[in-house]
Amino acid sequence: MKAVWLENNQISLQDVSTPRKPDEALIKIRKAGICSTDLELVKGYYPYTGILGHEFVGEVVEAQDDSWIGQRVVGDINVVCNQCEQCLNGRPTHCEHRTVLGIVNRDGTFAEFTTLPVANLHRVPDSVPDEMAVFTEPLAAALEIQNQINIKPTDRVLLVGAGRLGQLIAQTLALTGCDLRVVARHAHQQNLLKAHGIKVIAEEDAIAQPWRWDIVVEATGSPSGFTLARKAIRPRGTLVMKSTYKGEMSVNFSSIVVDEINIMGSRCGPFGPALRLMESRQVDPTVLIAHEFKLEEALKAFERAAETGVLKVLVEP
Ligand SMILES: [Zn+2]
Ligand SMILES: [Zn+2]
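Residues numbered from 1 in each chain as written. Chains lettered and ligands numbered in written order. Predicted model: local features only at pLDDT ≥ 70, side-chain atom pairs only at ≥ 80, totals over all residues. Heavy atoms only, no water.

Looking only at helix H6 (residues 187–195), the buried set comprises Gln189, Leu192 and Leu193. Buried residues of H6 fall within an arc of 95° about the axis and therefore sit on the same side. Where H6 is buried, its residues touch helix H5 (164–174), strand S12 (179–183) and strand S13 (199–200). Gly197 lies just past H6 and shows a positive phi near 70°. (Buried < 20%, exposed > 50% of the residue type's maximum accessible area, 1.4 Å probe, protein only. Helix = DSSP H or I, 4+ residues; strand = E, 2+ residues; numbered from the N terminus. Arc of directions from axis to C-beta. Contact = heavy atoms within 4.5 Å.)

Next up on the list: the nonpolar core. Ranked by size, the top nonpolar core spans 43 residues in total, and within it Ile151, Leu159, Ile169, Leu180, Val182 and Val217 carry the most contacts. Put simply, the parts of the chain that give this core at least two residues each are helix H3 (130–133), helix H4 (136–148), strand S11 (156–160), H5, S12, H6, strand S14 (213–218) and helix H10 (271–279). For Leu159, the contacting residues outside a window of four places in its chain are Gly166, Ile169, Ala170, Leu180, Arg181, Val182, Val183, Val217 and Ala219. In terms of nonpolar packing, the next biggest core, distinct from the first, is built from 36 residues, Ile11, Ile29, Ala63 and Leu121 among them. (Core = buried A, V, L, I, M, F, W, Y, C linked by side-chain atoms within 4.5 Å.)

Protein-derived ligands of the zinc ion (ligand 2) are Cys81 (SG), Cys84 (SG), Cys87 (SG) and Cys95 (SG), with the metal-ligand distances lying across 2.3 to 2.4 Å. One can describe the site at the zinc ion (ligand 2) as tetrahedral: its four donor atoms subtend angles covering 103 to 120° at the metal. In the primary structure, the donors to the zinc ion (ligand 2) are separated according to the pattern C-x2-C-x2-C-x7-C. When its relative accessible area of 23% is taken as the criterion, Cys81 is described as partly exposed. Residue classification places Cys84 among the buried residues on the basis of a relative accessible area of 6%. (Donors = N, O, S within 2.8 Å, 3.2 Å for Na, K, Ca; no water. Tetrahedral: all angles 85-135°; square planar, octahedral: opposite > 155°, others 65-115°.)

Bringing the sheet that holds strand S16 (residues 262–265) into the picture now. With respect to topology, six strands assemble into an open sheet ordered S13-S12-S11-S14-S15-S16, the strand pairing being parallel. Across the chains shown, the open sheet's two edge strands, defined by having one partner strand only, are S13 and S16. Relative to S13, S12 runs parallel, the two sharing two bridges. Within the sheet, the bridge partner assigned to Val182 lies in S13 and is Val200. Packing of helix H8 (residues 223–232) onto the sheet brings it into contact with S11, S12, S14 and strand S15 (233–241), and relative to S15 it is tilted by some 150°. (Pairing = 2+ DSSP bridges. Axes fitted to C-alpha atoms, helices over the stretch in contact; angles between N-to-C directions.)

Counted by the stated rule, this structure contains two aromatic pairs. Both rings, one in Phe110 and one in Phe302, keep their centres 5.4 Å apart while their planes meet at 80°; by these two values the pair is edge-to-face. Of the two residues, Phe110 sits in the loop between strand S8 (99–100) and strand S9 (113–116) while Phe302 sits in helix H11 (residues 298–306), which places them 192 residues apart along the sequence. The pair formed by Phe110 and Phe302 is uniform in burial state, with each residue classed as buried. The lysine or arginine in question, Arg123, covers the ring of Trp68, its NZ or CZ lying 4.1 Å from the ring centre. (Phe/Tyr/Trp six-rings, centres within 6.5 Å; stacked < 30°, edge-to-face > 60°. Lys NZ or Arg CZ within 6 Å of the ring centre and 35° of its normal.)

Such coordinate-based values are descriptive only and should not be taken to indicate function.
The structure is reproduced here in structure tokens:
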């Protein structure tokens, strides 16, 4: 089968053998999405060799349990051992022996087929089309914020960054009824937010208010985004870190101690609620789609996704 192979910071389209794992389902990919993590893997921020991709919707073509065959599915990207201390204590996404689809020791989804244990699979409701279902993983990641902290309707919440993940975070935070403002760099990012009734705020206004923000979500993954988020948070506020940073970042931790800031890292989230929010059309991620490419043109798709301000690029086998 054709697949996007990453090795030594180089991606290439290769012919590889179709994966077969006796205790996992074989999934035919219908659509896969390029996310910032994929672009960072290509730049070599994390070591990985193999097939890239973790955002997908597909169809089960082989499984030990026939009831899965023919089902349209999305899949949790962390494959866990269910035996280590993290797994046994309800933190499976932190499994000490985990492999992660297209990220850690497990071939991913920019290919004709991939495999996952059926325990990772979620059936996609018929009313959720492929171009929506392919966003389940990033939408779940956005929802992890609400899983981790209680956002009150009285909270002033600032979201810094309105890229691929930021747009989904904005749409889900808006559902909490909090007083939300978003710092968005590009005009089309701002327009997308406004179309959903979400208020945009200029960077300078976000830190010029006489009051500061109860919760700030950092979704730029850039040191300047972090600096802005740090300036904007009130004492004893919560700073949610939703993006990884390239290399190391220097931070004035004394001021964080003095202001008693809570800093919270946030990663993978719940698929069930993500599918439900799309089924009820409370969240519509399809507005993020910038381009769709065939798998044969995957290298072009990666170039397009790396251009500044481009939101979601999809790849279809
Ligand atoms: Zn991703
Ligand atoms: Zn484990």
